[in-house]
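Listed below are the residues making up each chain.
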Amino acid sequence: MSGGEVAGILVAVFWAILVSFLAVALVRLAQTLKATTKLVADVTEQAVPLLADASATVRSAQSQLDRVDAIASDVQEVTSNASALSTTVASTFGGPLVKVAAFGYGVRQALGRRTRDEDDRRTTAKPSRRTVIVGRAVPPARRARRRRKD
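Counting from 1, residues in each chain are numbered in the order their sequence is written. Whole-chain, interface and lining totals are the exception, using all residues; otherwise, since this is a predicted model, local features are given only for residues with pLDDT of at least 70 and side-chain atom pairs are given and counted only at 80 or more. The basis for every side-chain value is the complete set of heavy atoms in the structure, and neither hydrogens nor water enter the calculation.

**Focus: the packing of aromatic side chains**
Any two of the Phe, Tyr and Trp rings considered here, Trp counted by its six-membered ring, make a pair once their centres fall within 6.5 Å; the pair's planes then place it as stacked at under 30 degrees, edge-to-face at over 60, or tilted in between. Summed over the entire model, instances satisfying the criterion amount to one aromatic pair. Consider the rings of Phe14 and Trp15, whose centres lie 6.2 Å apart with planes at 70 degrees: the pair is edge-to-face.

**Topic: the UniProt feature "transmembrane region" (unreviewed entry) in the protein chain**
UniProt positions are given in the numbering used here, feature names are shortened, and annotations may be inferred rather than shown by experiment. As annotated by UniProt and renumbered to match this structure, "transmembrane region" (unreviewed entry) occupies residues 6-29. Along residues 6-29, the helical share is 100% and the strand share 0%, with 34 Å between the first and last C-alpha atoms. Put simply, DSSP marks the helices as runs of H or I at least four residues long and the strands as runs of E at least two long, and each gets a number from the N terminus on.

**Description of the confidence of the model for the protein chain**
Confidence of the predictor at the level of single residues is given by pLDDT, which spans 0 to 100. Of the residues in the protein chain, 77% have a pLDDT of 70 or more, and the chain-wide mean is 82. Predicted confidence in the protein chain is weakest over helix H2 (residues 140-149), with a mean pLDDT of 54, and strongest over helix H1 (residues 3-125), with 87.

**Focus: the pattern of salt bridges**
Take a side-chain nitrogen of Lys or Arg and a carboxyl oxygen of Asp or Glu: if they are within 4 Å of each other, that pair is a salt bridge. Overall, the coordinates contain one salt bridge when judged by the stated rule. Close ionic contact of Asp42 with Lys38 constitutes a salt bridge, the shortest N to O distance being 3.7 Å. With Asp42 and Lys38 both in helix H1 and four residues apart, the pair spans about one turn of that helix. Lys38 gets classed as exposed once you look at its relative accessible area, which sits at 55%. Type-normalised accessible area, obtained with a 1.4 Å probe on protein chains alone, sets the label of each residue: buried when under 20%, exposed when over 50%, and partly exposed for intermediate values.

**A look at a nonpolar patch on the surface**
In this analysis, a patch consists of residues with relative accessible area above 30% that form no salt bridge, clustered at 9 Å for like charges and at 5 Å for the nonpolar side chains Val, Leu, Ile, Met, Phe, Trp and Tyr. For the area figures, the Shrake-Rupley method with a 1.4 Å probe applies, and any residue is considered shielded solely by the protein chains shown. Together, Ile9, Val13, Ile17 and Phe21 line one region of the surface with nonpolar side chains, adding up to about 390 Å² of accessible area. Position of Ile17 relative to the elements: it lies in helix H1. We classify Ile17 as partly exposed; its relative accessible area is 45%.

What follows is the structure, encoded as structure tokens:
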């Protein structure tokens, strides 16, 4: 065997080994592509119903938001009506009620002065009467001084 024949055999063996490795790699690549294709098909099978459910959920949420918007506008209208009613009632009855309250206050003040004057007359007639303040008895002389301060 000559050197050229050995070199040719070596090159042929090298090419055979290289082709074998390439064939194994191609077989594995084909298996990987098959598994990937099956995985994509399974994902598609499951994703389509999920997307349909998600779409239905979004539509439902939109209808609920429309309802909430309608309720919020109704509440706003009721609030503005209540505010207008409150303003109307205040302007209609506010003035007369203030006058009645002022009149009542004046009557109470007048009656209070009258009863104080009567109390002063009674205390001069009954010097032994005592006033109780927070659990203590105050002598009539101190009570008279306190009333003058009021």
